[in-house]
Amino acid sequence: MAGRGAGGFLQNLKAKVTEAFKEFQEPADPYEKRLSDHVERATSELLTGPDWGLNFELVDSINSDPQGSCDKVYRAMRRALLKPNIHTQLLTLSLLEACVKNCVPFFYQQLLYSELWGEMLKAGEPFRNVSATAAEPAHVQAVQHNVCCGRRDAPGGGALQGRE
């Protein structure tokens, strides 16, 4: 009996670990993979600054199918934001800011309910960015403010607050 219980425990643990890391696996959906690759290129640590051409291509993709692309883009941006490289995080926040300011209101409204929202609010915390220079946290906070207040056509005039 004990062996059977331990085997069940291990299978349950394997299922939980697989589920927890599912979002970090390669997307199976070709459309999600294309959007994920796009976010990956736009937030590459090899870039010296935001690539506005790539950023606005992503904005166009979102605007052409907001219902089908928002969650996929949020997942890809969250993966980029969770990387330990502060430069990648800054590029991700700049990409998010461009999307918030230029995408249809649906993108901005759904942002509040995504896991990306919580990660975006944590991005400037010092313990996450040990290698950050003195100016980078200030830049992160400025971008966070712009994302939070970027849409005037959103409910509440664009002033989103954290989830209650």
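Along each chain, the written sequence defines residue order, and numbers are assigned to residues from 1. Reporting in this predicted model follows two pLDDT cut-offs: at least 70 for local features of residues, and 80 or more for side-chain atom pairs to be given and counted; totals over whole chains, interfaces and linings ignore these cut-offs and use all residues. Calculated side-chain values reflect all of the structure's heavy atoms, with hydrogen atoms and water omitted.

Asker: It is not clear to me how the packing of helix 2 (residues 30-42) against helix 3 (residues 52-64) should be interpreted in this structure. Could you clarify?
Answerer: To describe two helices that pack against each other, one gives the angle between their axes and the distance between the axes. Relative to each other, helix 2 and helix 3 sit at 155 degrees, their axes nearing to 9 Å. Considering the angle they form, helix 2 stands roughly antiparallel to helix 3. When you trace helix 2 past helix 3, the crossing you get is left-handed. Contacts between helix 2 and helix 3 pair Tyr 31, Arg 34, Leu 35, His 38, Val 39, Arg 41 and Ala 42 from the former with Leu 54, Asn 55, Glu 57, Leu 58 and Ser 61 from the latter. For helices, the fitted axis covers only the stretch in contact; all axes are lines through C-alpha atoms, and the angles between them, taken along N-to-C directions, range from 0 to 180 degrees. Elements are defined by DSSP. Helices are runs of H or I of four residues or more, strands are runs of E of two residues or more, and each kind is numbered from the N terminus. In what follows, roughly perpendicular refers to angles from 65 to 115 degrees, roughly parallel to angles under 35, roughly antiparallel to angles over 145, and oblique to any angle outside these ranges. Here a crossing is taken to be left-handed if its near helix is turned anticlockwise relative to the far helix by less than a right angle, and right-handed if that turn runs clockwise. Contacts between residues were defined by any pair of non-hydrogen atoms, one from each residue, lying within 4.5 Å.

Asker: Explain the confidence of the model for the protein chain here, please?
Answerer: Detailed reading of the predicted model is not advised wherever pLDDT is low. What pLDDT conveys is the predictor's confidence in a given residue, as a value from 0 to 100. Scored by pLDDT, the protein chain has a mean of 76; 63% of the residues are at 70 or more. Contacts of residues 154-164 to residues separated by more than four positions or lying in other chains number 25 contacts, the stretch itself having pLDDT below 50.

Asker: Please clarify how the nonpolar core should be interpreted in this entry.
Answerer: In globular proteins that are soluble, nonpolar side chains generally tend to be buried together. Counting residues in hydrophobic clusters, the biggest one holds 27 residues, and the most contacted among them are Leu 58, Ile 62, Met 77, Leu 96, Cys 99 and Phe 107. Within the residue set of this core, elements represented by two or more residues are helix 2, helix 3, helix 4 (66-81), helix 5 (86-102), helix 6 (105-111) and helix 7 (115-122). What Leu 58 contacts, discounting residues up to four positions off in sequence, is Leu 35, His 38, Val 39, Val 73, Met 77, Leu 95 and Cys 99. To qualify as a nonpolar core, a set must consist of buried Ala, Val, Leu, Ile, Met, Phe, Trp, Tyr and Cys residues joined through side-chain atoms within 4.5 Å. Note on exposure labels: buried denotes an accessible area under 20% of the residue type's maximum, exposed denotes more than 50%, and partly exposed covers the range between, all computed with a 1.4 Å probe on protein chains only.

Asker: Before we go on, may I ask you to explain the packing of helix 4 against helix 7 in this structure?
Answerer: Two elements in contact, helix 4 and helix 7, have axes separated by 9 Å at closest approach and are oriented at 25 degrees. Considering the angle they form, helix 4 stands roughly parallel to helix 7. The two elements helix 4 and helix 7 cross, and the hand of that crossing is left-handed. Here helix 4 contributes Tyr 74, Met 77, Arg 78 and Leu 81 to the contact with helix 7, which in turn contributes Glu 115, Leu 116, Glu 119 and Met 120. Grouping the amino acids of the contact of helix 4 with helix 7 by side-chain chemistry returns five nonpolar, no polar and three charged. For this classification, the nonpolar set comprises Ala, Val, Leu, Ile, Met, Phe, Trp, Tyr, Cys and Pro, the charged set comprises Asp, Glu, Lys and Arg, and every other residue, Gly included, is treated as polar.

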